[in-house]
Amino acid sequence: MDTKWLEDFITLAETRSFSRAAELRNVTQPAFSRRIQALEAWLGSALVDRTTYPTRLTPAGDVFRAEALSMLAHLSETRTLLRGREHMDAEAVSIAMPHTLSLGFFPSWVKQLEQGVGRLSTKVTALNVHDAAMTLVDGGCDLAMVYHHASQPVQLDPTRFDMLPIGVESIYPYARCDEQGRAAYELPGTPGQPIPFLSYAPNAYLRRMVDFILAGMASKPLLEIRCETDMAEGLKAMLLEGHGLAFLPENAVRREIGQKLLACAGREYSMQMEIRIYCECRRNTKEKVKAIWQSLSEGAGQLRA
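Owing to the predicted nature of the structure, the values given are computational and were not obtained by experimental measurement.

The rules we used
Residues numbered from 1 in each chain as written. Predicted model: local features only at pLDDT ≥ 70, side-chain atom pairs only at ≥ 80, totals over all residues. Heavy atoms only, no water. Helix = DSSP H or I, 4+ residues; strand = E, 2+ residues; numbered from the N terminus. Buried < 20%, exposed > 50% of the residue type's maximum accessible area, 1.4 Å probe, protein only. Expected span 1.5 Å × (residues − 1). Arc of directions from axis to C-beta. Salt bridge = Lys/Arg side-chain N within 4 Å of Asp/Glu carboxyl O. Polar contact = N/O pair within 3.5 Å; in protein donor to acceptor, adjacent residues only side chain to side chain. Pairing = 2+ DSSP bridges. Phe/Tyr/Trp six-rings, centres within 6.5 Å; stacked < 30°, edge-to-face > 60°. Axes fitted to C-alpha atoms, helices over the stretch in contact; angles between N-to-C directions. Parallel < 35°, antiparallel > 145°, perpendicular 65-115°, else oblique. Contact = heavy atoms within 4.5 Å. Nonpolar A, V, L, I, M, F, W, Y, C, P; charged D, E, K, R; others polar.

S.K.: Describe the side chain of Thr11, listing the residues and the values that go with them.
M.R.: Along the chain, Thr11 falls in helix 1 (residues 3–15). Overall, Thr11 belongs to the buried group, its relative accessible area being 13%.

If you want it as structure tokens, here you go:
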């Protein structure tokens, strides 16, 4: 069915005249009559009573008139919605980043950034580090925010992608607080008593960071893996229920530390990762992206959450 048929029918219902309706629709009367007939054939029901003059609608035509008005209104609203969304999407800055950064670092970082570039409309895609970088390479986002460490570097072609360091993230071991406000488990632990360990899954970037920390420990802890997951938030939830010890980015647990729900389980067992942001600036034409990059380059290269 052609939506023009609906508009034709509404015009005919309002004018009760084929000739006047054809004139308003800017078509010849024979062509207009054929379009009304095509609509009736599609519906399988006569809409116009052609035995009387002036023209009037059949009972089916009266029912369909209300439905046609509703359908046209709904189509118009949908078109407006989609056009508005396309405009919003065109203006929004899309950023791919790890889940942990999207929850811990990004909210306060973007708040500080807006002080220099004005209000931002952003579309955040939370992925693992590898997929966030690949999303930028494949043209699926404007910016990629990732962790970086010399032991596990993110290597994007420097001739194609611009990079700026925007902060640091420390990772420490944590456990739920006991009644005295101390960590219920502490590294390296007690000989002969394995610590219930909440671990990242093998393919997680932070798993490699934790493995690097543990490999550098002079006193090797005895850890018994109780849970594995890709998500730092999943490990935090397990910590809060007292299931064991886990390594988490500091930004992910600031609130829980302040509320004395979690405590560090060994500050010497830690490492720092750099937070970097990448952009293919030479190809990106969005004004907001240019403004962000200029702001970061000129004086806000190290924004901290």
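S.K.: A description of helix 6 (residues 106–117) should follow, citing residues and the corresponding values.
M.R.: With 12 residues, helix 6 should reach 16 Å at 1.5 Å per residue; the first-to-last C-alpha distance of 16 Å fits that figure. For helix 6, every residue scored as buried is listed here: Phe106, Trp109, Val110, Leu113 and Val117. Along the long axis of helix 6, the arc covered by the buried residues comes to 90°, so they all point the same way. Opposite the buried face of helix 6, by more than 90 degrees, sit the exposed residues Lys111 and Gln115. Gly118 lies just past helix 6 and shows a positive phi near 90°.

S.K.: Go over the pattern of salt bridges with me, naming the residues and quoting the values.
M.R.: Per the counting criterion, the structure on display carries 16 salt bridges. Between Arg25 and Asp8 there is a salt bridge, with its nearest N and O atoms 2.6 Å apart. Of this pair, Arg25 sits in the loop between helix 2 (18–24) and helix 3 (29–43) while Asp8 is found in helix 1, placing the two residues 17 residues apart along the sequence. For Arg282, the salt bridge goes to Asp162, with nearest N and O atoms at 3.8 Å.

S.K.: I'd like a description of the environment of Asp157, backed by residues and values.
M.R.: Its location among the elements puts Asp157 in the loop between strand 5 (143–148) and strand 6 (162–176). Distance in space between the C-alpha atoms of Asp157 and Leu43 is 59 Å, their sequence separation being 114 residues. Looking at Asp157, its side chain comes within polar contact range of the side chain of Thr159, at 2.7 Å.

S.K.: So, the pairing of strand 6: which residues are in play, and what are the values?
M.R.: Inspection of the sheet shows strand 6 paired to strand 11 (residues 271–279) by 9 bridges, in the antiparallel sense. Within strand 11, the position partnered with Pro165 by the bridge is Arg276. When strand 6 meets strand 10 (residues 262–264), the two strands line up antiparallel, connected through 3 bridges. Across the sheet, residue Arg176 finds its bridge partner in strand 10, namely Leu262.

S.K.: Outline the packing of aromatic side chains, supporting the account with residue identities and numerical values.
M.R.: One pass over the structure, following the stated rule, counts 7 aromatic pairs. For the pair Tyr147 and Tyr205, a centre-to-centre distance of 6.3 Å together with 20° between the ring planes defines the contact as stacked. Linking Tyr147 in strand 5 with Tyr205 in helix 8 (residues 205–215), this pair joins segments that are 58 residues apart in sequence. Its relative accessible area of 1% is what places Tyr147 among the buried residues. Its relative accessible area of 9% is what places Tyr205 among the buried residues. With 6.4 Å between their ring centres and 75° between their planes, Tyr172 and Tyr174 make a pair best called edge-to-face. Both residues of the pair, Tyr172 and Tyr174, count as buried. Cluster of aromatic residues (ring-pair linked, three or more members): Phe105, Phe106 and Trp109.

S.K.: Please set out the packing of helix 1 against helix 3 residue by residue, giving values where relevant.
M.R.: The axes of two packed helices give the description: the angle between them and the distance between them. Contact geometry for helix 1 and helix 3: axes closest at 9 Å, N-to-C directions at 110°. Overall, the two elements helix 1 and helix 3 adopt an arrangement that is roughly perpendicular. Residue-level contacts link Lys4, Trp5, Asp8, Phe9 and Leu12 of helix 1 to Phe32, Arg35, Ile36, Ala38, Leu39 and Trp42 of helix 3. A per-class count over the contact of helix 1 with helix 3 returns 8 nonpolar, no polar and 3 charged.

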